[in-house]
Amino acid sequence: MRVGILGTGDVGRVLASAMIAEGHEVKMGSRDRENPKMQEWAKKHAQRASTGTFADAAEFAEIIFLCTLWSGTENVIEMAGTSNFRGKILIDTTNPLVFEPNKPPRLALGQTDSGGEQVQRWLPDAKVVKAFNIVGNAHMYKPHFPGGPPTMFYCGNDAAAKKTVQNILTSFGWESIDIGSIEGARLLEPLCILWVGYGAQTGTWNHAFKLLRK
Ligand SMILES: NC(=O)c1ccc[n+]([C@@H]2O[C@H](COP(=O)([O-])OP(=O)(O)OC[C@H]3O[C@@H](n4cnc5c(N)ncnc54)[C@H](OP(=O)(O)O)[C@@H]3O)[C@@H](O)[C@H]2O)c1
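### What to know about the environment of L212
With respect to the secondary-structure elements, L212 resides in the segment after α7 (185–202). A C-alpha to C-alpha distance of 9.3 Å links L212 and T151, two positions 61 residues apart in sequence.

In structure tokens, the structure reads:
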């Protein structure tokens, strides 16, 4: 598949490299074509990696990963061009976090709304699937834990899009659970706060969620 990665941070680079490892063609986008992190990422991948603006990456892609700082996300979508998302799967990895000095991050919206729903409203013609937001980037690809594969919960309104995302999650080494429509992002985004809070409390960042059954 042709994959567009909107975002040059840790999440964007990890997922971009993961999709290349899985045999896909990946174009990463940034505000700045010369973004040093993006250029360094591209140099590491001799084949199937390219770079450009947010619009270049969105236009190139059949499937797009949204990996942006929440406060810049609407701006990124505008720069990428809303028509470049039409009919495409958009995997929303973002968390709508507010950062304040000397305070833990908090959600900018929740309970009756979510970042995932906001992204779907900004892009009504895209098939938004929320995934990957509940774990640190170091464990997004091939997560190895003594207790077996962790669980990635995901949600979205389009069944076929969710099936594609489920296949990606399986290829990445996750057990995955579809929790329903994009409103499920109201449940997934607070899990990020729990994940970060546990890390801050214990000083460890090697954890992930798993649903146990019997
Ligand atoms: N870090 C993690 O382990 C982790 C785990 C789960 C979920 N998440 C979520 O995933 C998302 C990405 O996180 P990250 O840590 O990889 O990177 P990040 O630092 O949160 O975001 C980096 C990206 O945001 C863009 N950006 C920032 N401000 C902007 C603005 N005003 N206008 C346009 N673009 C702007 C940057 O563009 P340029 O390329 O132009 O600089 C860059 O591509 C976040 O929403 C985060 O909450 C992170």
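### Quick look at the packing of aromatic side chains
Tallying each qualifying case throughout the model produces 5 aromatic pairs. Ring geometry for F65 versus F132: centroids 6.3 Å apart, planes at 45°, classification tilted. With F65 in strand β4 (residues 63–66) and F132 in the loop between β8 (127–130) and β9 (151–156), this pair connects stretches of sequence that are 67 residues apart. Judged by its relative accessible area of 0%, F65 is buried. Judged by centre distance (5.7 Å) and plane angle (50°), the rings of F132 and F172 are tilted. In this pair, F132 is assigned in the loop between β8 and β9 and F172 in helix α6 (residues 159–172), connecting sequence segments 40 residues apart.

### Observations regarding the nonpolar core
Residues I5, L6, F65, F85, L90, I91 and F132 are the most contacted members of the largest nonpolar core, which totals 56 residues. For F132, the contacting residues outside a window of four places in its chain are L15, F65, I91, T93, M140, M152, L169, F172 and W174.

### Observations regarding unusual backbone geometry
Phi angles above zero are rare outside glycine, and Q111 is one such case at about 65°. By the element assignment, Q111 lies in the loop between β7 (106–107) and α5 (115–122). Even without being a glycine, F132 presents a positive backbone phi close to 70°. Here F132 falls in the buried class, since its relative accessible area comes to 0%.

### Topic: the site of the ligand
The local shell around the ligand holds 25 residues, among which T8, V11, R31, T68 and N137 are the closest. The backbone of V11 places a nitrogen or oxygen atom 2.8 Å from an oxygen atom of the ligand. Here the ligand, which alone exposes 890 Å², has 77% of that area covered by the protein. At the level of elements, α1 (10–21) and α4 (70–80) are the ones that each hand at least two residues to the shell around the ligand. Looking at the shell around the ligand residue by residue, the class counts come to 9 nonpolar, 14 polar and 2 charged.

### A closer look at the layout of surface pockets
Considering only enclosed or pocket space, the largest pocket measures out at about 800 Å³ in volume. Along its surface, the largest pocket is lined by 33 residues, and G9, V11, C67, T68 and L69 are the ones closest to its centre. Of the residues in the lining of the largest pocket, the class split is 16 nonpolar, 15 polar and 2 charged.

### Notes on the pattern of salt bridges
Enumeration according to the criterion identifies 12 salt bridges in this entry. Among the ionic pairs, D92 bridges to K130, the shortest N-O distance being 2.9 Å. Of the two residues, D92 sits in strand β5 (residues 89–92) while K130 sits in strand β8, which places them 38 residues apart along the sequence. In this structure, D92 and K130 share a single accessibility class: buried. When salt bridges that share partners are traced, they join D92, K130 and E189 into one network.

### Topic: α6
Side chains that are three or four residues apart share a direction in an α-helix, a result of its 3.6 residues per turn. With 14 residues, α6 ought to run about 20 Å at 1.5 Å a step, and its terminal C-alpha atoms sit 20 Å apart, in line with that. Residues A161, K162, V165, I168, L169 and F172 constitute the buried set of α6. One face of α6 carries all of its buried residues, which in axial projection span an arc of 115°. Across α6 from its buried face, at more than 90 degrees, point the exposed residues A159, A160 and T170. The secondary structure elements touched by the buried residues of α6 are α1, β4, β5, β8, β9 and β10 (175–178). Between a side-chain oxygen at the N-terminus of α6 and the backbone nitrogen of A160 the separation is 3.1 Å; the capping residue is D158.

Rules used in this analysis
- Residues numbered from 1 in each chain as written.
- Predicted model: local features only at pLDDT ≥ 70, side-chain atom pairs only at ≥ 80, totals over all residues.
- Heavy atoms only, no water.
- Helix = DSSP H or I, 4+ residues; strand = E, 2+ residues; numbered from the N terminus.
- Phe/Tyr/Trp six-rings, centres within 6.5 Å; stacked < 30°, edge-to-face > 60°.
- Buried < 20%, exposed > 50% of the residue type's maximum accessible area, 1.4 Å probe, protein only.
- Core = buried A, V, L, I, M, F, W, Y, C linked by side-chain atoms within 4.5 Å.
- Contact = heavy atoms within 4.5 Å.
- Near = heavy atom within 4 Å.
- Polar contact = N/O pair within 3.5 Å; in protein donor to acceptor, adjacent residues only side chain to side chain.
- Areas by Shrake-Rupley, 256 points an atom, 1.4 Å probe, with all protein chains shown as cover.
- Nonpolar A, V, L, I, M, F, W, Y, C, P; charged D, E, K, R; others polar.
- 1 Å grid on protein atoms, 1.4 Å probe; cavity = no way out; pocket = protein on both sides within 12 Å on 5 of 7 lines; lining within 4 Å.
- Points joined across faces, edges and corners; volume = space filled by probe spheres on them.
- Salt bridge = Lys/Arg side-chain N within 4 Å of Asp/Glu carboxyl O.
- Expected span 1.5 Å × (residues − 1).
- Arc of directions from axis to C-beta.

Keep in mind these numbers describe shape, not what the thing actually does.
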